[in-house]
Structure formats: structure tokens, C-alpha cells
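Observations on the three-dimensional arrangement
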Amino acid sequence: MQVRCVDAGSCNGCEIEIACAFNPVYDAERYGARLLASPRHADVALVTGPVTRNMAEPLRRTVAAMPEPRLVVAVGDCAINCGEFAGGYDVEDAVSDVVPVDLAVPGCPPRPDEIISALRRVTGR
Ligand code: SF4
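Here's a quick rundown of the structure.

Regarding the overall build of the chain
The secondary structure content of the chain amounts to 4 helices and 7 strands. Helices (α) and strands (β) of the chain occur, in sequence order from the N terminus, as β-α-β-β-β-α-β-α-β-β-α. In terms of overall dimensions, the chain is globule-like: its C-alpha atoms have a radius of gyration of 13 Å, near the 14 Å expected for 125 residues. Seen along its three principal axes, the alpha-carbon backbone of the chain occupies a region of about 40 × 30 × 20 Å. Looking at the chain alone, contacts between residues at least 24 apart form 80% of all its contacts between residues at least 6 apart. Of the accessible surface of the chain, which amounts to about 6,400 Å², a share of 49% is contributed by carbon and sulfur atoms.

As C-alpha cells, then:
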């Protein structure tokens, strides 16, 4: 399962936890999830942050570039409902209001093991 991360406007806290999920301690790759750079080879998009005005269209294009079947996972409270940034002048909307979301991982930020649990639901391992 190839995973593309998209920071749609986060504070970077969720990215740090995603990075931890793939470090040698948590090692998400042992469950069949692998980070990659291109959406064209991705099965899953991990999306963090509220979607800022500047990132709404790039997020739509990134998801559209992924081959089907594809999944989108909203990681963190900001991705789910804009969290701390709700009502901000530069915030467009939550991730599910911009692209279809299949799975959500709540938390500010979610812990690495919670991110891995979501990835395992996707990979089935
Ligand atoms: S959920 Fe928390 S850690 Fe994640 S982007 Fe929002 S404020 Fe930052």
C-alpha cells in the first residue's frame, strides 16, 4: 500500500506524528504501508490540517491524480473539522468538504499508534 502525505495547512504537529509512525520504533512499513512522493503511484492519501485557500485546489488535483481505487484518510482534528484553525481567514474548509474522505483519525495530534491503526485498517495487516 503506497501512501502519499498532503499537508493542506497544518501546524506541522500531525506531520511529526506521521513521521514517527514510519520511524524504526513504530515502523508502519511492517504493516505494508510505504510513503512515496508521487500521487500517481499512491493508493492512500494521508491529509493533515485544515484545508487552506491556497491548498484546496492542489489537494483536489493530488487526489484526482491518484489511480482508482483510492482512499483518503483525514489525519488530526484540523483535517476533520478545522480544529484550532476553524474560522481562520485563510481556511477554506475541512478535508471532507474538499475531497471525499474514507477514514478519519481524530486527535491533536493523533498518536503514531493511532495513525498506524488507521493504516492497518487500510492495508488489512
Ligand atoms: S490537529 Fe493539532 S497537531 Fe494536527 S495540524 Fe491541527 S493543531 Fe496541528
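Considerations on the side chain of Glu17
If you trace the backbone, Glu17 turns up in helix H1 (residues 13-21). The side chain of Glu17 sits in the buried core without any salt bridge; Arg111 is the nearest counter-charge, 7.9 Å away. Ignoring sequence-local partners within four residues, the contact set of Glu17 consists of Pro109, Pro110, Arg111, Pro112 and Ile115.

Here's the deal with the sheet that holds strand E7 (residues 103-105)
Taken in spatial order, the 5 strands make up an open sheet running E2-E1-E3-E5-E7, and their pairing is parallel. At either end of the open sheet lies a strand with only one pairing partner, and these are strand E2 (34-35) and E7. Bridging between strand E1 (residues 2-7) and strand E3 (residues 44-48) involves 5 bridges; their strand directions are parallel. From the neighbouring strand, Val3 faces E3, where its bridge partner is Val44.

So, the packing of H1 against helix H4 (residues 112-123)
For any two helices packed against each other, the geometry comes down to the angle between their axes and how far apart the axes lie. Axis separation between H1 and H4 bottoms out at 8 Å; the angle between their running directions is 70°. Relative to H4, the element H1 is oriented roughly perpendicular. When the axes of H1 and H4 are compared, the crossing they make is right-handed. For the pair H1 and H4, contact is made by Glu17, Ile18, Cys20 and Ala21 and by Pro112, Ile115 and Ile116, respectively. Each residue belonging to the contact of H1 with H4 can be placed in one class, and the counts come to 6 nonpolar, no polar and 1 charged.

A word on the pattern of salt bridges
If you walk through the whole model with that rule in mind, you get 5 salt bridges. Residue Glu68 is joined to Arg70 by a salt bridge in which the shortest nitrogen-to-oxygen separation is 3.9 Å. Residue Arg70 is classed as partly exposed on the basis of its relative accessible area, which comes to 27%. For the salt bridge of Arg111 with Glu114, the shortest nitrogen-to-oxygen distance reads 3.5 Å.

The rules behind the values
Residues numbered from 1 in each chain as written. Predicted model: local features only at pLDDT ≥ 70, side-chain atom pairs only at ≥ 80, totals over all residues. Heavy atoms only, no water. Helix = DSSP H or I, 4+ residues; strand = E, 2+ residues; numbered from the N terminus. Rg over C-alpha atoms; globule rule 2.2 N^0.38 Å. Contact = heavy atoms within 4.5 Å. Areas by Shrake-Rupley, 256 points an atom, 1.4 Å probe, with all protein chains shown as cover. Buried < 20%, exposed > 50% of the residue type's maximum accessible area, 1.4 Å probe, protein only. Lys, Arg positive; Asp, Glu negative; His and termini not counted. Salt bridge = Lys/Arg side-chain N within 4 Å of Asp/Glu carboxyl O. Pairing = 2+ DSSP bridges. Axes fitted to C-alpha atoms, helices over the stretch in contact; angles between N-to-C directions. Parallel < 35°, antiparallel > 145°, perpendicular 65-115°, else oblique. Left-handed = near helix turned anticlockwise from the far one by under 90°. Nonpolar A, V, L, I, M, F, W, Y, C, P; charged D, E, K, R; others polar.

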